[in-house]
There are 2 protein chains.
Amino acid sequence: MGGTRYPQFCALARAAEVVGERWTLLIVRELLATPRRFADLRERLQGLSPSVLAERLARLETAGLIARRHLEAPTAITVYELTAAGRGLEPALLALARWGAQRLLSPRSRERLDGEWLRLALRACARPAASPAVALQFRVRAHRTDVLLRIEGGPHGTQVTDALGPTAVTVSADPATVIALATGRLAPSAARRDRTIRIEGDPTALDPLPALFHFPDELPHSPARHDPITESRSNTT
Amino acid sequence: MGGTRYPQFCALARAAEVVGERWTLLIVRELLATPRRFADLRERLQGLSPSVLAERLARLETAGLIARRHLEAPTAITVYELTAAGRGLEPALLALARWGAQRLLSPRSRERLDGEWLRLALRACARPAASPAVALQFRVRAHRTDVLLRIEGGPHGTQVTDALGPTAVTVSADPATVIALATGRLAPSAARRDRTIRIEGDPTALDPLPALFHFPDELPHSPARHDPITESRSNTT
DNA sequence: CCGCATCCGTTTCGATACTG
DNA sequence: CAGTATCGAAACGGATGCGG
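Residues numbered from 1 in each chain as written. Chains lettered and ligands numbered in written order. Predicted model: local features only at pLDDT ≥ 70, side-chain atom pairs only at ≥ 80, totals over all residues.

(A) Layout of the overall build of chain A. A count of helices and strands for chain A gives ten helices and eight strands. The 237 residues of chain A split such that 39% are buried. Residue pairs at least 24 apart in sequence account for 62% of intrachain contacts in chain A once pairs closer than 6 positions are excluded. (Helix = DSSP H or I, 4+ residues; strand = E, 2+ residues; numbered from the N terminus. Buried ≥ 20, exposed ≤ 12 C-beta atoms within 10 Å, placed from the backbone. Contact = placed C-beta atoms within 7 Å.)

Rendered as structure tokens:
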């Protein structure tokens, strides 16, 4: 059952058969950073029932995306990790995250926040080519503990890590504001005037931010708004 | 209901909420090439019931990815087309298709084949940077009618179209073989020796093929084979 | 504890039939 | 042609239990 959900000779359909089910893409996302245990995944993916998680992991294993490794005593636990084929999904996940980052601009309540998720969103928007050699730092207010992110420009592109180090400036802001800065929706000059943001260090060090990230190809979108398309192209087959 | 499937502040989860349901990604794929009617989508997406299609279209419309346009008389039909936000998904779809192209190497029976789908797979594997200025042509044996594809290298990268024109060579092959050539799994020299391929024109014109496409980042994978991972990295949080 | 398997009420899917 | 109505089948989410 399940293996052949779309009887089409299409590369996208093949991908959707593997990662197009509920939760599957997020499981791969969790394993992108590090191998994890069954219980770790359960705790990070709230709302995912253990039966569904077990089935997804089994499917991903037979599909060759993940491998399970039994660690020896004294730990004696099982971890799931991505295979090379699974890690090959990273560019696609980053492209999807880059598109989805725009939808983080309108925040919701009761949402969980995780440092890895924020790093993924920023890495998705990070400039791959050479960027100015500056280092800055974000401190994001999470539910209980703050998340620290280090943004570093350089000749190999912008790097997003959690390692700390010397920075010119540290920006404390809420998650949506950080995304707004990275997607170019919020200009550094406007950020300096924003009272909900705390800037420690040199405020002008924020100016190269637009050069550290590349901005989404398409304009953002406000949900539940219908812009009537008034063009009159009649483009049929 | 439905709008908030994953209570996570995560760019990938936001994307998965919109396009992570069954059929949705393929509906976007269909609209990527041209606006289409309800019946067109039904015919191209076999197995998708009209009620599910109607619900998916409604969700995509309120999510701002597609817009419906009622054409005036005498045609008097309704077409669905991508908005700018919907077209912004194209890079992500291409990245997914590039990953999924490897899974086209092991073909199945009873699968539908479409020219647009093949073009998508080849465009996903096409080299974006400058490539040799050659033009060649594939003729793929489809169920009833053959599909013609034109591959053209140039300073702006490799273009994949359906327009015909002067070519150095025309290769007639089955779909999986075309994908094998584009993903680099089949070398042009080996293709020339393959008896299942018919080459009309100059066979040496196939040599620049590896320079026209870029190859997947990770090695392919044979389903139902378990390569035991013998690495011994212990990478925990 | 950890990795599931089982059970059960609710949601979603897929096929067919039917309507404006 | 563009959907809606209906209904059985499958999947999902939550809880609980069980073996290692």
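Additional details are given in the paragraphs that follow.
(B) Looking closely at the interface of chain B and chain A. In this assembly, 63 residues from chain B lie in contact with 62 residues from chain A. Breaking the side of chain B that touches chain A down by element, the ones donating at least two residues are helix H1 (11-19), helix H2 (24-33), strand S2 (66-70), helix H5 (84-87), helix H6 (90-101) and helix H7 (115-125) of chain B. Ranked by the residues each element gives to the side of chain B that touches chain A, the list is headed by H6 of chain B, at nine residues. Looking at the side of chain B that touches chain A, its residues break down into 39 nonpolar, twelve polar and twelve charged. (Nonpolar A, V, L, I, M, F, W, Y, C, P; charged D, E, K, R; others polar.)

(C) Structural detail: the protein's contact with DNA strand D. Close to DNA strand D lie 18 residues; Ser-49 of chain A together with Arg-37, Ala-39, Pro-50 and Ala-54 of chain B are nearest. At the level of secondary structure, the elements contributing two or more residues to the surface near DNA strand D comprise helix H4 (50-62) of chain A together with helix H3 (38-44) and helix H4 (50-62) of chain B. When grouped by side-chain class, the residues that make up the surface near DNA strand D number nine nonpolar, six polar and three charged. (Near = placed C-beta within 6 Å.)

(D) A look at the protein's contact with DNA strand C. By nearness alone, 17 residues border DNA strand C, and Arg-37, Phe-38, Ala-39 and Ala-54 of chain A together with Ser-49 of chain B come closest of all. Residue classes in the surface near DNA strand C are distributed as eight nonpolar, six polar and three charged.

(E) Expanded view of the sheet that holds strand S7 (residues 169-173) of chain A. Residues and elements named next belong to chain A. The sheet built from five strands is open, its strands ordered S6-S5-S4-S7-S8 with mixed pairing. Lying at the two open borders of the sheet, with one neighbouring strand each, are strand S6 (159-161) and strand S8 (198-201). Pairwise comparison of adjacent strand axes, ignoring direction, gives a mean angle of 20° for this sheet. Bridge count between strand S4 (residues 135-140) and strand S5 (residues 147-152): six bridges; the pairing is antiparallel. In the strand pairing of S5, Ala-135 is matched with Glu-152. The strands touched by helix H7 (residues 115-125) are S4, S5 and S6; relative to S5, the strand with the most contacts, the crossing angle is about 25°. (Pairing = 2+ DSSP bridges. Axes fitted to C-alpha atoms, helices over the stretch in contact; angles between N-to-C directions.)

(F) Main features of H1 of chain B. Among the nine residues in H1 of chain B, nine count as buried, and that is most of the element. Taken together, the buried positions of H1 of chain B are occupied by Ala-11, Leu-12, Ala-13, Arg-14, Ala-15, Ala-16, Glu-17, Val-18 and Val-19 of chain B. As for H1 of chain B, its buried residues are in contact with helix H2 (24-33), helix H6 (90-101) and H7 of chain A together with H2 of chain B.

(G) Focus on the relation of the copies chain B and chain A. Relative to chain A, chain B is turned by 180° and slid 0.0 Å along the rotation axis, the superposed coordinates differing by an RMSD of 0.0 Å. The symmetry that links the two subunits is that of a two-fold axis. (Least-squares fit on C-alpha atoms with pLDDT ≥ 70 in both.)

(H) Expanded view of helix H1 (residues 11-19) of chain A. In terms of residue burial, H1 of chain A counts as a mostly covered element, since eight of its nine residues are buried. Those residues of H1 of chain A that sit buried are Ala-11, Leu-12, Ala-13, Arg-14, Ala-15, Ala-16, Val-18 and Val-19 of chain A. Lining the buried residues of H1 of chain A we find H2 of chain A together with H2, H6 and H7 of chain B.

Bear in mind that shape data such as this cannot, by itself, settle questions of function.
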